[in-house]
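Structural overview for review
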Amino acid sequence: MEKQNHEHSKEKKFVDYVIKRLPYETRFGAALRRGGSPPTEYQAWEYLAPWCDITKDYIRRPYMAVAAAIASEKPARDGSLGLGQALALCYEDGRNAEPAKARLRRLLACENVGEVISVLRPVLRLIQSRSVRINYEKLLKDLIYFGEKVKLKWASDFYGRSEL
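All of the points below concern the structure found in this document. (Residues numbered from 1 in each chain as written. Predicted model: local features only at pLDDT ≥ 70, side-chain atom pairs only at ≥ 80, totals over all residues. Heavy atoms only, no water.)

What about the packing of aromatic side chains?
This structure, assessed with the given rule, holds seven aromatic pairs. Three or more aromatic residues link up through ring pairs in this structure, and these residues are Phe14, Tyr17, Phe28, Tyr47, Trp51 and Tyr63. The ring of phenylalanine 28 carries arginine 21 above its face, with NZ or CZ at 4.4 Å from the centroid. Lying across the ring of tyrosine 91, arginine 130 places its NZ or CZ 5.9 Å from the centre. (Phe/Tyr/Trp six-rings, centres within 6.5 Å; stacked < 30°, edge-to-face > 60°. Lys NZ or Arg CZ within 6 Å of the ring centre and 35° of its normal.)

Printed below as a string of structure tokens:
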């Protein structure tokens, strides 16, 4: 249990670090935004290396995806919504909207973290375009530990039950 608390703390520190540094360093933000695309991801490695083992895809890619999303949104602070709830709030009909359900099903069909990150990019752009405030710390943790439990959490969050 103590290890999870430590990692939770590290994830929060990372998200806070990115959010606080963005307004003061345009080069930092540009590198993180370019890092959201696999061909140019290497440009952000210098900023990720102090936070995670960049030699391990399954760790580096979640950190990179979240950093790129934060750099695109430039929030003043981390949001409070889980991925499922944020997705539902993007549509007028919420969880009853067919496009929302389709996007959720596509996320839940992913087999691994690499696939879910690819599918997640346009979902995050949609969430940001609707000014819905997602919790990046939670998202980072979900991506690091992506699997059946995370999928169940996202579905539960989308359909109305936020605790799992």
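Considerations on the packing of helix α8 (residues 136-144) against helix α9 (residues 148-159)
Look at α8 against α9: their axes get within 9 Å of each other, and the N-to-C directions meet at 145°. On α9, the residues touching Leu139, Asp142 and Leu143 of α8 are Val150, Lys153 and Trp154. Counted by class, the contact of α8 with α9 contains four nonpolar, no polar and two charged residues. (Axes fitted to C-alpha atoms, helices over the stretch in contact; angles between N-to-C directions. Helix = DSSP H or I, 4+ residues; strand = E, 2+ residues; numbered from the N terminus. Contact = heavy atoms within 4.5 Å. Nonpolar A, V, L, I, M, F, W, Y, C, P; charged D, E, K, R; others polar.)

Things to note about the pattern of salt bridges
On inspection of all chains with the given rule, the structure shows ten salt bridges. A salt bridge links glutamate 25 to arginine 21; its shortest N-O distance comes to 2.7 Å. You can call glutamate 25 partly exposed: its relative accessible area is 30%. Between arginine 27 and glutamate 46 there is a salt bridge; the shortest N-O distance is 3.5 Å. A residue pair is termed long-range when its members are at least 10 positions apart, and arginine 27 in helix α2 (residues 26-35) and glutamate 46 in helix α3 (residues 45-48) qualify at 19 residues. With a relative accessible area of 54%, arginine 27 lands in the exposed category. Judged by its relative accessible area of 48%, glutamate 46 falls in the partly exposed class. (Salt bridge = Lys/Arg side-chain N within 4 Å of Asp/Glu carboxyl O. Buried < 20%, exposed > 50% of the residue type's maximum accessible area, 1.4 Å probe, protein only.)

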